[in-house]
Amino acid sequence: QSIAQEVMGLLCMILLTLTALVANTVVMVVILKTALLRKFIFVCHLCVVDLLSAIFLMPLGIISSSSCFNRVIYSIAECQALIFLNVCFITASILTISIISVERYYYIVHPMRYEVKMTIRLAVAGVIFIWVKSVLITVLALVGWPQGNGATSASRCTVYWSPGAHKKVFVIIFSIVCFVLPTIIIFAVYCSIYRVARMASLQQASVPAQAAAPRHRSNSIASQMAIITTRNLPLPRLMPERFLGSNKAILTLVLIVGQFLCCWLPFFAFHLHSSVTAGTVGGGHGEMVVTWIAYSSFAINPFFYGLLNRQIREELARLRRSCLNRPLGQELCLSVSEASVQENFLQFLQRATSTLETHASCISPSPRNRLDQTKMAFPIPGQVPEESS
């Protein structure tokens, strides 16, 4: 039974590593190959961090966790390198998830402010901030390590191998910066987005199901602001789906926040308990389990933050069809008509402004790019009206 459990554990670790490699590579390639998807800079950065973790960190984790590699010995420098990669990639991944949440909040709730202030320079500054903070926290983890030519078993190469009072301080700071604060940010942000989605659903339910009369477009800023703040498109297709949209919003909120908590709460709770409890030494089977539950986040993130996005998913399907030399016309209209069932609530508000146009484009094809559906002059119900600067 012990051998069977060891083999199953090893297979699960290998499967998670391969999933992280494939999924992150696919999402990253789709974003980089499509010009209109390059706005997902932080999603691409998250894939890069998780891909680096799958290449360097997870294989070393397999060696440290499986009894098949009990005879592997790490020097002090090699053990320090493993701890460096562990803390650095975990910090970078969690901070990137937090920034993605804040970016989505501004993209949905304050779209005009997002368009004005979200520049390449700001995105690069955010990426630099992530890595600088990750390196600083990692340096704090390596303070007080023994010097010399000592060695330890791979299974004992954890942050607790070098005891000291500073380890307790590091684990507390690490838990606050990389778990407590990101959890508060993610929960608050997605609750705010859900409230906007709920408001959009209620406003759409009150709109009469009749075609809107065309209006003459004015180039004045005052006229455009009046249209943006007062005009709501009647969308008959949303009427029978508003309750479904609300349920999907709640489900997606629970999935995103729940996935983050399920992956990282056991990890940080274990390390906090091991650091503050007198006489408790880290390592062993418990640390291996919580570590790989945390590592599973590297394989799950590309699905939650990449493939759940309708634009990325449709572009991936288009690339797959182009590789198989299949016609795109009819399948494209079918994917657009079915999008309301597949999308999550982060695209629920975008659908409120793009459904009519995409439906008309399937009836009478036009050269308009389908990935640019969100750039329309009509508002998302429930958005915060604001003036452009």
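Residues numbered from 1 in each chain as written. Predicted model: local features only at pLDDT ≥ 70, side-chain atom pairs only at ≥ 80, totals over all residues. Heavy atoms only, no water.

**Overview of the overall build of the protein**
Let me state the cut-off plainly: Going along the chain from the N terminus, every DSSP run of H or I of four or more residues is numbered as a helix, and every run of E of two or more is numbered as a strand. For every residue, the accessible area (1.4 Å probe, protein chains only) is compared with the maximum for its type, and the residue is labelled buried under 20%, exposed over 50%, or partly exposed between those bounds. In this description, accessible areas are obtained by the Shrake-Rupley approach with a 1.4 Å probe, and a residue is regarded as covered only by the protein chains that are shown.
The helix and strand tally for the protein stands at 13 helices and two strands. Taking all 389 residues of the protein together, 44% fall into the buried category. About 19,500 Å² of surface is accessible on the protein, with carbon and sulfur atoms providing 68% of the total.

**Brief notes about the UniProt feature "transmembrane region" (unreviewed entry) in the protein**
Heads up, the condition is: UniProt positions are given in the numbering used here, feature names are shortened, and annotations may be inferred rather than shown by experiment.
Mapped onto this numbering, the UniProt entry annotates "transmembrane region" (unreviewed entry) at residues 6-31, 40-63, 83-102, 122-145, 169-193, 249-269 and 289-308. Helix and strand shares over residues 40-63 are 96% and 0% respectively, and the end C-alpha atoms of the span are 34 Å apart.

**Side note on a nonpolar patch on the surface**
Stated precisely, the cut-off is as follows: To count toward a patch, a residue needs a relative accessible area over 30% and no salt bridge; like charges are then connected within 9 Å, while nonpolar side chains (Val, Leu, Ile, Met, Phe, Trp, Tyr) are connected within 5 Å. Think of a salt bridge as a Lys or Arg side-chain nitrogen and an Asp or Glu carboxyl oxygen that are within 4 Å of each other.
Together, Phe 84, Val 135, Val 139, Leu 140, Val 143, Val 169 and Ile 173 make up a nonpolar patch on the protein surface, roughly 490 Å² of accessible area in all. Looking at the nonpolar patch, the elements with two or more residues in it are helix H5 (120-141) and helix H6 (165-205). In terms of residue count, the dominant contributor to the nonpolar patch is H5 (three residues). Here Ile 173 shows up in helix H6. With relative accessibility at 35%, the residue Ile 173 sits in the partly exposed group.

**Let's talk about the state of the cysteines**
In plain terms, the rule: The criterion for a disulfide is a pair of cysteine sulfur atoms lying within 2.5 Å.
For the coordinates displayed, the defined rule picks out one disulfide. Two residues, Cys 79 and Cys 157, share a disulfide whose sulfurs are 1.9 Å apart. On the S-S bond that ties Cys 79 to Cys 157, the torsion sits near 125°, and the link is right-handed. With a gap of 78 residues between them, Cys 79 in helix H3 (residues 76-109) and Cys 157 in the loop between strand S2 (151-153) and H6 connect regions that are remote in the sequence.

**What to know about the packing of aromatic side chains**
Each aromatic ring pair is specified by the distance between its two centres and by the angle formed by the two planes. Selection criterion: When two rings of Phe, Tyr or Trp (its six-membered ring) have centres within 6.5 Å they constitute a pair, described as stacked for plane angles under 30 degrees, edge-to-face for angles over 60, and tilted for the intermediate range.
Applying the stated rule across the entire model yields 13 aromatic pairs. Ring geometry for Phe 179 versus Phe 268: centroids 5.3 Å apart, planes at 25°, classification stacked. One end of the pair, Phe 179, is in helix H6; the other, Phe 268, is in helix H8 (residues 242-276), with 89 residues separating them in the sequence. Aromatic side chains Trp 264 and Phe 298 sit 6.3 Å apart centroid to centroid with 70° between the ring planes, which places their arrangement in the edge-to-face category. Of this pair, Trp 264 sits in helix H8 while Phe 298 is found in helix H9 (residues 285-307), placing the two residues 34 residues apart along the sequence. Note on Trp 264: relative accessible area 0%, which makes it buried. Its relative accessible area of 0% is what places Phe 298 among the buried residues. Taken together, the aromatic side chains of Phe 170, Phe 174, Phe 179, Phe 260, Trp 264, Phe 267, Phe 268, Trp 292, Tyr 295 and Phe 298 make up a single cluster linked through ring pairs.

**Details of the environment of Asn 301**
Quick reminder of the rule: For this analysis, residues touch if any pair of their heavy atoms sits within 4.5 Å. In protein, a polar contact means a hydrogen-donor-capable atom and an acceptor-capable atom, both N or O and within 3.5 Å, with residues adjacent in sequence counting only if both atoms are side-chain atoms; elsewhere, any N or O pair within 3.5 Å suffices.
Its location among the elements puts Asn 301 in helix H9. Sequence separation between Asn 301 and Ile 97 is 204 residues; the distance between their C-alpha atoms is 8.8 Å. Leaving out residues up to four positions away in the same chain, Asn 301 has contacts with Leu 46, Asp 50, Ser 93, Ile 97, Gln 259 and Gly 306. A distance of 3.1 Å separates polar atoms of two side chains, one belonging to Asn 301 and the other to Asp 50.

**So, the nonpolar core**
Let me state the cut-off plainly: Working definition of a nonpolar core: buried Ala, Val, Leu, Ile, Met, Phe, Trp, Tyr and Cys residues. They are joined through side-chain atoms within 4.5 Å.
With 66 residues, the main nonpolar core has Phe 170, Phe 174, Trp 264, Phe 268, Phe 298 and Tyr 305 as its most contacted residues. Looking at this core, the elements that each hand over two or more residues are helix H1 (2-33), helix H2 (41-65), H3, H5, H6, H8, H9 and helix H10 (310-323). Looking at which element gives the most residues to this core, the answer is H6, with twelve residues. Non-local contacts of Phe 174, meaning those with residues more than four positions away in its chain, are made with Val 87, Ile 90, Thr 91, Ile 137, Phe 179, Phe 267 and Phe 268.

**Notes on the pattern of salt bridges**
Tallying each qualifying case throughout the model produces two salt bridges. In this structure, the salt-bridge partner of Glu 314 is Arg 310, at a minimum N-O distance of 4.0 Å. Pair noted here: Glu 314 and Arg 310 are both in helix H10, with a separation of four residues, about one helical turn. Residue Arg 310 is classed as buried on the basis of its relative accessible area, which comes to 9%.

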